[in-house]
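Single-letter residue listing:
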Number of protein chains: 2
Amino acid sequence: MASITEVARLAGVSIATASRVVSLADYPVSPATRARVLDAARTLDYVPNALARGLLKSQIPVVGVIVHDITDPYFAEVVRGVEDAASPAGYLVITCSSERDAVQETSYVRLLRSMRAASVIFAASGLDDPGQTRELHKHLAAMRLDGAAVVHLSPHALGDADVGVDNEAGMASMVAELVRLGHRQIAFLAGPSALVVAHARLAGFRRGLADAGLGVDERLVVHTSFDRDGGALGVDALLTGSATFTSICCANDPLAMGALARLAELGIDVPGAVSVAGFDDVPVAAMTSPALSTVRLPLREMGRRGFVEAARVLDGGELERIVLPTELAMRGSTAPPAIEAIAGRGVSLGAGR
Amino acid sequence: MASITEVARLAGVSIATASRVVSLADYPVSPATRARVLDAARTLDYVPNALARGLLKSQIPVVGVIVHDITDPYFAEVVRGVEDAASPAGYLVITCSSERDAVQETSYVRLLRSMRAASVIFAASGLDDPGQTRELHKHLAAMRLDGAAVVHLSPHALGDADVGVDNEAGMASMVAELVRLGHRQIAFLAGPSALVVAHARLAGFRRGLADAGLGVDERLVVHTSFDRDGGALGVDALLTGSATFTSICCANDPLAMGALARLAELGIDVPGAVSVAGFDDVPVAAMTSPALSTVRLPLREMGRRGFVEAARVLDGGELERIVLPTELAMRGSTAPPAIEAIAGRGVSLGAGR
DNA sequence: CTGAAAGCGCTTACAG
DNA sequence: CTGAAAGCGCTTACAG
């Protein structure tokens, strides 16, 4: 590949001058010289070496996004948002599926640091485990010191999201809506108790109930994994428990979809016998049957704004903490409760009910 | 950030020696010296500068994956596969959502070239438009010359996939299965006629019919976009057309899901009145209702093998052309045909049928 | 086993 | 407006 040296030689100028024109530097160069350099660059199919430039700046126009799993539509949306904002600015996006594993996450961040990525954006909520993450934070601190932008899109062990939503308020609004529909016995599939974002949503559930003057029946709060399997298992746990309920509120959409699938298997009608609500509004939420009522998060916008904030920091500005609005997306999986609540313990599962 | 110079100074050795130990070079260094260097590196929180190393090698351990859209589960799966193979090898994955736009694709590849990415993997099929892509191929040729690995996971304007599936055979096997179920009037939602991979699947449809001794009713072959909207539009086109059919075979899953949704809207029972089949087996295909019968592509494995082939080339080997097997995944959306075929023209849409 | 030195391809004071 | 030179942080012949 042609280097700037060859471009300069072909154009008959110094490499300094060649650099000034090809790098679009704001520096006076005579029009004739400029034209000759541009010509030479075109002739030689010159493409600047971003590594050399990056070495000088100690930074390369690349942003790493840490996600739980890129095949999870939540994260795919966020990453796409980052890309939509980053791409016009000439930044490339590196996806890092950490599976919420601290070791993997650290290894990714170290790699990002080694290549002097301009920014790392955490799309996934961290686990509430500060001990595990000392090395991670060492890397992040070093990167920040070096001018890199670190942006969180979810609450994490060390603080709130930089660009995010009010998870607690969003969940409380869903609870309020279920109460408005007439529900009084609302179960909650809470996800993993160690996940920071799950905390916030559980807090929202409690607040929603409190706002309605209702108490929390702790037997109806179930912790599971944050995926479909957790939703199915959660339903089983509720049905074998001792408390009755007319609706199930879930801390995210996968949980709700798993619950929907398990209830269908058991022949329990949604929303006839029980209402189900999710949280996130991933694109598939509108395609389940019945379609899932959920809390819409502006996922793509979160990604976009995440990059915008990163760019602000790279420009020497301060991170602005941003809270984006959530919105209820009520669909077919919720309705006023049936006369009788779904019973817990004592009801045999799978018996065609 | 500490550089190797500082590590060398702290360890009391030359930077050459320091480099040999921190870069894990296969070069004799006395154990005592090695230990001192490692110690210094740890003390200084030394992380090697990948940009400096890359500048020397004219290559950085990064692989770019060109996809249509990372929020499309097909591509998310493939990217995850690439990441699963790339990550243990110390490579980072850059996602490029090109929206099948030649200009964007070229711009991404140029950026990848400028940062001397070790490899670019095309997950998306190209458009059959060699004119549009001259500049793209100039960049790719330059990268290849420079030792980068270019791998195609789908057929493209200039040739077959390097790591892919036999789209034609896969589609033919689905047609054979529909015929086995008793279908004789099979419609085909073909996707865009300019998309190379769509060609192959249409060819498979024709071959499957020919193998069964059936002719192709061209009135039942509909070209639309490659997404849900195309599926819905395709159904409308078929219903207002003049030919009858008992099943709809789709060139990919989004088309099939769009068809399913539209048929449900129209009150047409699947698979009672008409069978619907997809192609790809993206994860959501199992979650529609009825669950979608489709042709399973080993998407994640395609991504993984794509990186493995890239690594082979980077190691100085030759690209091995690999064809991965497809598999039928028959689910609830297909069944033997009803006595009467669905009629086209003359049936009023949306009239509760 | 160790080190001095060249060089990868750029940008940017500095001098003219 | 133009150019010579230093230097970013590494690796790697080459010499010892």
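So, here is what we can say about the structure in this document. (Residues numbered from 1 in each chain as written. Chains lettered and ligands numbered in written order. Predicted model: local features only at pLDDT ≥ 70, side-chain atom pairs only at ≥ 80, totals over all residues. Heavy atoms only, no water.)

Section: the overall build of chain A
And then number 1: Scanning chain A from terminus to terminus reveals twelve helices and twelve strands.
And then number 2: For chain A, the C-alpha radius of gyration of 26 Å lies well beyond 20 Å, the compact-globule estimate for 353 residues.
And then number 3: Dimensions of chain A along its principal axes, counting C-alpha atoms only, are 90 × 40 × 35 Å.
And then number 4: The proportion of buried residues among the 353 residues of chain A is 54%.
And then number 5: Counting every atom, chain A has about 14,000 Å² of accessible surface; 53% of that belongs to carbon and sulfur.
And then number 6: Taking the average location of the 32 positive side-chain charges in chain A and that of its 39 negative ones, the two points are 5 Å from each other. (Helix = DSSP H or I, 4+ residues; strand = E, 2+ residues; numbered from the N terminus. Rg over C-alpha atoms; globule rule 2.2 N^0.38 Å. Buried < 20%, exposed > 50% of the residue type's maximum accessible area, 1.4 Å probe, protein only. Areas by Shrake-Rupley, 256 points an atom, 1.4 Å probe, with all protein chains shown as cover. Lys, Arg positive; Asp, Glu negative; His and termini not counted. Charge placed at Lys NZ, Arg CZ, Asp CG, Glu CD.)

Things to note about unusual backbone geometry
And then number 1: Residue A:Pro290 is bonded to the preceding A:Ser289 through a cis peptide linkage, with omega at 0°.
And then number 2: If you trace the backbone, A:Pro290 turns up in the loop between strand S9 (275-277) and strand S10 (294-296).
And then number 3: Looking along the chain, the bond that leaves B:Val270 and enters B:Pro271 is cis, with omega of 5°.
And then number 4: Position of B:Pro271 among the secondary structure elements: in the loop between helix H11 (253-265) and strand S9 (275-277).
And then number 5: Its identity is not glycine, yet A:Asp280 carries a phi of approximately 130°, on the positive side.
And then number 6: One can find A:Asp280 in the loop between S9 and S10.
And then number 7: Phi at A:Asp281 is positive, roughly 55°, even though this residue is not glycine.
And then number 8: Tracing the sequence through the fold places A:Asp281 in the loop between S9 and S10.

Observations regarding the protein's contact with DNA strand C
And then number 1: Taken together, 27 residues sit near DNA strand C, with A:Ser19, A:Lys57, B:Arg20, B:Thr33 and B:Leu56 positioned nearest.
And then number 2: The sugar-phosphate share of atoms of DNA strand C within 4 Å of the protein amounts to 64%.
And then number 3: Between a phosphate oxygen of DNA strand C and a side-chain N or O atom of B:Thr17, the distance comes to 3.0 Å.
And then number 4: The side chain of B:Thr33 places a nitrogen or oxygen atom 2.5 Å from a phosphate oxygen of DNA strand C. (Near = heavy atom within 4 Å. Polar contact = N/O pair within 3.5 Å; in protein donor to acceptor, adjacent residues only side chain to side chain.)

As for the side chain of B:Asp253
All names here are of chain B.
And then number 1: If you trace the backbone, Asp253 turns up in helix H11.
And then number 2: Arg331 provides the closest opposite charge to the buried, unpaired Asp253, separated from it by 6.1 Å.
And then number 3: One polar contact links the side chain of Asp253 to the main-chain amide nitrogen of Asp281, over a distance of 2.7 Å.
And then number 4: Excluding residues that lie within four positions of it along the chain, Asp253 makes contacts with Gly278, Phe279, Asp280, Asp281, Val282, Ala285, Leu292 and Thr294. (Salt bridge = Lys/Arg side-chain N within 4 Å of Asp/Glu carboxyl O. Contact = heavy atoms within 4.5 Å.)

Concerning the packing of helix H8 (residues 167-181) of chain B against helix H9 (residues 196-211) of chain B
Residue and element names in this part refer to chain B.
And then number 1: As a packed pair, H8 and H9 sit with axes 7 Å apart at the nearest point and diverge in direction by 40°. Regarding the angle of H8 to H9, the classification is oblique. Crossing angle aside, the handedness with which H8 passes H9 is right-handed. Contacts from Asn167, Glu168, Ala169, Met171, Ala172 and Val175 of H8 reach H9 at Val197, Ala200, Arg201, Ala203, Gly204, Phe205, Arg207, Gly208 and Leu209.
And then number 2: Along the lines of polarity and charge, the residues of the contact of H8 with H9 split into nine nonpolar, three polar and three charged. (Axes fitted to C-alpha atoms, helices over the stretch in contact; angles between N-to-C directions. Parallel < 35°, antiparallel > 145°, perpendicular 65-115°, else oblique. Left-handed = near helix turned anticlockwise from the far one by under 90°. Nonpolar A, V, L, I, M, F, W, Y, C, P; charged D, E, K, R; others polar.)

Describing the relation of the copies chain A and chain B
And then number 1: Superposition record for chain A on chain B: RMSD 0.0 Å, screw rotation 180°, translation along axis 0.0 Å. Such a combination of turn and shift is consistent with a two-fold rotation axis. Across chain A, the rotation axis passes nearest the C-alpha of A:Ile94, at a separation of 2.1 Å.
And then number 2: Both copies present the same face, since 100% of the interface residues in chain A are matched by interface residues at the equivalent positions in chain B. (Least-squares fit on C-alpha atoms with pLDDT ≥ 70 in both.)

Re the protein's contact with DNA strand D
And then number 1: Neighbouring DNA strand D are 27 residues, the closest being A:Arg20, A:Thr33, A:Leu56, B:Ser19 and B:Lys57.
And then number 2: When atoms of DNA strand D within 4 Å of the protein are sorted by moiety, sugar and phosphate together comprise 67%.
And then number 3: Here a phosphate oxygen of DNA strand D and a side-chain polar atom of B:Tyr46 are 2.9 Å apart.
And then number 4: Between DNA strand D and B:Asn49 there is a distance of 3.4 Å, counted from a phosphate oxygen to a backbone nitrogen or oxygen.
And then number 5: Mapped onto the surface near DNA strand D, the elements with two or more residues apiece are helix H2 (15-22) and helix H4 (50-57) of chain A together with helix H2 (15-22) and helix H4 (50-57) of chain B.
And then number 6: Broken down by class, the residue content of the surface near DNA strand D amounts to 15 nonpolar, eight polar and four charged.

Considerations on the environment of B:Arg331
All names here are of chain B.
And then number 1: Mapped onto the secondary structure, Arg331 falls in the segment after strand S12 (327-329).
And then number 2: Overall, the relative accessible area of 23% leaves Arg331 in the partly exposed class.
And then number 3: Sequence separation of Arg331 and Leu292 is 39 residues, and the distance between their C-alpha atoms is 5.6 Å.
And then number 4: Aside from chain neighbours lying at most four places away, what touches Arg331 is Asp281, Ala285, Ala286, Ala291, Leu292, Ser293, Thr294 and Arg296.

A look at empty space enclosed by the protein
And then number 1: The full count for this structure, using the stated rule, is five cavities of 30 Å³ or more.
And then number 2: In terms of lining residues, the largest cavity is bounded by A:Met1, B:Ser58, B:Gln59, B:Arg113, B:Arg116, B:Ala117, B:Met143, B:Asp146 and B:Ala148.
And then number 3: Tallied by class, residues from the lining of the largest cavity come to four nonpolar, two polar and three charged. (1 Å grid on protein atoms, 1.4 Å probe; cavity = no way out; pocket = protein on both sides within 12 Å on 5 of 7 lines; lining within 4 Å. Points joined across faces, edges and corners; volume = space filled by probe spheres on them.)

Functional significance is not addressed by these values, which are geometric in nature.
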